[in-house]
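Examination of the molecular architecture
What follows is the residue order along each chain.
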Amino acid sequence: MANVGSIQTAKGQQFTSAHVLSQSRAGLGFYVLSGCDVNQSGTPGMSVVVDSGYVQAGFGLGRKTVSGGTVTVATADATHPRLDVIYINTTGALGIYAGTPTAISPSSKTDFKEMATPAPGTSIPSGVIIALVYVGAGVTTILNANINDIATYGPYIVESPTTTTSGKVPYWS
């Protein structure tokens with residue numbers, strides 16, 4: 001599911017406020033350095049698996065190790081779909097921000113495909129946004145087809161060495 005570089009939407013793909021937020025946060029130093037791909041669970045259910053990796057958690061906060069793991073997606077609404085956002089907070093922990101279930105409604109845009117609803121919400125907690133999960137009405141499994149990688153990838157920022165020994169080259173501890 002991984003992109004290399006930045007968000008690369010495919011023809012006809014829905015573009016959301018979370019895509020824009022992912023890009024704008026990258027400008028503030030919140031982006032993926034490596035790994036952190038989101039995939040369906042080995043036994044599909046209402047959870048996704050995030051691979052281990054590294055993120056830049058803001059300028060001045062430095063690189064964070066992401067252990068990876070399973071993120072549980074809340075039970076689907078019986079009648080309306082929603083978009084959930086998978087993110088990594090400023091300490092490197094995985095999180096999910098549940099969208100609001102609502103009927104599918106196209107927007108008035110004519111130059112690109114956009115849905116007015118469902119939309120991922122605007123109060124996504126601070127951190128690196130890595131994926132959208134489409135939770136259809138009444139579904140009981142999340143598959144790779146429901147996961148959209150919207151991570152923004154950035155360059156590695158070298159951190160200052162934390163340990164030195166007199167007369168030797170500084171090194172990271």
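I will try to describe carefully the structure that is included in this document. Computed from a prediction, not measured in an experiment: that's the story for all the values here.

In spatial order, the strands read β8-β7-β11-β12; together these 4 strands make up an open sheet with antiparallel pairing. Edge strands, defined here as strands with exactly one partner in the open sheet, are β8 (94-97) and β12 (147-149). Put simply, the sheet's adjacent strands are angled 25 degrees from each other on average, direction ignored. Pairing between strand β7 (residues 82-88) and strand β11 (residues 128-135): 7 bridges, direction antiparallel. From the neighbouring strand, Ile88 faces β11, where its bridge partner is Val128. Where helix α1 (residues 17-26) meets the sheet, it contacts β7, β11 and β12, and its direction lies at approximately 170 degrees from that of β11.

The next point concerns the sheet that holds strand β5 (residues 63-66). Across the sheet, which stays open at both edges, the 3 strands sit in the order β1-β4-β5 with antiparallel pairing between neighbours. Looking along the sheet, the strands with just one partner apiece sit at the ends: β1 (30-35) and β5. This sheet shows a mean twist of 25 degrees between the axes of neighbouring strands, independent of strand direction. One ladder, built from 5 bridges, connects β1 with strand β4 (residues 53-57); its direction is antiparallel. Among the inter-strand pairings, Gly35 is bridged to a residue of β4, identified as Gly53.

Our focus in this paragraph is the nonpolar core. Residues Val32, Val38, Val48, Ile86, Ile130 and Ile142 are the most contacted members of the largest nonpolar core, which totals 23 residues. Mapped onto this core, the elements with two or more residues apiece are β1, β3 (47-50), β7 and β11. With residues up to four places along the chain from it excluded, the contact list for Ile142 reads Gln40, Pro44, Gly45, Met46, Ser47, Val48, Val73, Val133, Tyr134, Val135 and Ile147. Counting residues in each nonpolar core, the second largest holds 8 residues, with Ala18, Tyr87, Ile129 and Ile150 among its members.

Even without a glycine there, the phi angle at Cys36 is positive, about 65 degrees. Positionally, Cys36 belongs in the loop between β1 and β2 (38-40).

The subject of this paragraph is the side chain of Arg25. Looking at where Arg25 falls in the secondary structure, it is placed in helix α1. For Arg25, which is buried and forms no salt bridge, the nearest opposite charge comes from Asp149, at a distance of 14 Å. Aside from chain neighbours lying at most four places away, what touches Arg25 is Phe30, Ile124, Pro125, Ser126, Gly127 and Ile129.

Next up on the list: the pairing of β8. Burial along β8 is one-sided: Gly95 and Tyr97 are buried, and none of Leu94 and Ile96, which face the opposite way, are. Two elements, β7 and β8, share 4 bridges in a ladder whose sense is antiparallel. The residue bridging Tyr87 from the neighbouring strand is Gly95, located in β8. The antiparallel hairpin formed by β7 and β8 contains 5 residues in its connecting segment, where Gly92 sits at a positive phi of about 95 degrees.

A complete count under the given rule lists 1 salt bridge for this structure. Residue Asp84 pairs with Arg82 through a salt bridge whose shortest N-O separation is 2.8 Å. In this structure Arg82 comes out as buried when scored by relative accessible area, which is 4%.

Conventions adopted
Throughout this document, residue positions are counted from 1 along each chain, in the order its sequence is written. Residues qualify for local features only when their pLDDT is at least 70, as the model is predicted, and side-chain atom pairs are given and counted only at 80 or more; totals for whole chains, interfaces and linings, by contrast, use all residues. Values shown for side chains rest on all heavy atoms present in the structure; no hydrogens or waters enter the calculation. Two strands are counted as paired when DSSP detects at least two bridges linking them. The helix and strand labels rest on DSSP assignments: H or I over at least four residues marks a helix, E over at least two residues marks a strand, and numbering proceeds from the N terminus. Convention adopted: a line fitted to C-alpha atoms gives each axis, helices being fitted over their contacting stretch, and angles between N-to-C directions are expressed from 0 to 180 degrees. We call two residues in contact when some of their heavy atoms are within 4.5 Å. What is meant by a nonpolar core is a set of buried Ala, Val, Leu, Ile, Met, Phe, Trp, Tyr and Cys residues, joined one to another through side-chain atoms within 4.5 Å. Only protein chains enter the accessibility calculation, which uses a 1.4 Å probe; a residue whose area is less than 20% of its type maximum is buried, one above 50% is exposed, and one in between is partly exposed. The charged-residue count follows a simple rule in which Lys and Arg add positive charge and Asp and Glu add negative charge, with His and chain termini not counted at all. The working definition used for a salt bridge is a side-chain nitrogen of Lys or Arg within 4 Å of a carboxyl oxygen of Asp or Glu.

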